[in-house]
Amino acid sequence: MNRLFVANKPANISSNRFLGQLKRKYGVKNAGFSGTLDPFASGCLIIAFGAYTKLFNYINKTPKCYEATIWLGAKSASLDNENIEKITILEPVDFKILNHCVKELEGELNFIPPKYSAKHINGVRAYDLARKGIDFELKTQKMQVFSAKILSYFHPFLKVSLKLSEGGYARSWANLLAKKLNCDATLSALKRTREGDFFYENEKALNPLAFLNIQKNEYLGDINDIALGKKLSKTSFKEQKNGLFLIEFADFFSIIEIFDEKVEYKLNR
């Protein structure tokens, strides 16, 4: 089964375990997801079955949109509600100051990813090292914050909407805000509402061609050459320059790459 859709991951379950539930639900073995959600987080998770798992490299998943609830005064090593170490009772923050600080955290920001993250350190997930108490350092990275907006503030809980680039962390953004406010803060809830043009629609099957931002090309030879996965020559294409191309037919499509004299299949459905 080839299928592309958006699932709504509930909180308190890992993305991998949730994918296992979907595989059993639909009776498939080959499945994958794009954009891991932390166990405590919920929301939009792009799912693909079969050959469509190869599409993740070619679909636009930016911006990633979140609704994040920040607990002002709470301290957590993982910057979320799973490892609360200390809670400090704070005075409410003046809304104008709060809004000013939030708006200052738009644009390109430098940040250090959370140690409890899926980043790889010498082939090992950072969160696995952190849980074992192994000391390590993560490098400073950049993320683009396209917008940050306060949705509500009921002290000590601040709810914001965030639009981030791929590789951005809502937890790290909340930590940057805490530093501006000179206090501890952690996420008490996080929901991803969409990734690029992807959002939850009751697991409706999506047409992948609507999400591929790849230049179209035309194959001048016999359609069965591609249908059967035969070796191709670039001289059989209308456009012969180097690059990725989408080839559409009535019943199927292919993604091919032309590089010098070679033509390589990237996906052939």
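Residues numbered from 1 in each chain as written. Predicted model: local features only at pLDDT ≥ 70, side-chain atom pairs only at ≥ 80, totals over all residues. Heavy atoms only, no water.

A look at unusual backbone geometry
Right, on to step 1. Here the bond from T62 into P63 is cis, since omega is 0 degrees, no more than 30 degrees from zero.
Right, on to step 2. Take P63: it is sitting in the loop between β3 (42–49) and β4 (64–72).
Right, on to step 3. Cis geometry is found at the peptide bond from H155 to P156, where omega equals 5 degrees.
Right, on to step 4. Checked against the element boundaries, P156 lands in the loop between β10 (141–154) and β11 (157–164).
Right, on to step 5. The phi dihedral of N12 falls on the positive side, at around 70 degrees, and the residue is not glycine.
Right, on to step 6. With respect to the element layout, N12 can be found in the loop between β1 (3–9) and α1 (15–26).
Right, on to step 7. Given the relative accessible area of 67%, N12 is considered exposed.
Right, on to step 8. For D260, which is not glycine, the phi torsion reads 55 degrees and is therefore positive. (Helix = DSSP H or I, 4+ residues; strand = E, 2+ residues; numbered from the N terminus. Buried < 20%, exposed > 50% of the residue type's maximum accessible area, 1.4 Å probe, protein only.)

Some words on the environment of I258
Right, on to step 1. Note on placement: I258 falls in strand β14 (residues 253–259).
Right, on to step 2. As a C-alpha pair, I258 and T36 span 222 residues in sequence and 31 Å in three-dimensional space.
Right, on to step 3. Excluding anything up to four places from it in sequence, I258 contacts N217, K234, F237, E239, Q240, K241, N242, G243, F245 and V263. (Contact = heavy atoms within 4.5 Å.)

A word on the nonpolar core
Right, on to step 1. With 46 residues, the main nonpolar core has I47, I70, W173 and L177 as its most contacted residues.
Right, on to step 2. Looking at which element gives the most residues to this core, the answer is helix α4 (residues 170–181), with seven residues.
Right, on to step 3. In contact with L177, not counting residues within four places along its chain, are I70, C101, V102, L105 and L158.
Right, on to step 4. In this structure, I46, Y52, F56 and L212 belong to the second largest nonpolar core, which totals 19 residues. (Core = buried A, V, L, I, M, F, W, Y, C linked by side-chain atoms within 4.5 Å.)

Function cannot be inferred from these measures alone, as they are strictly geometric.
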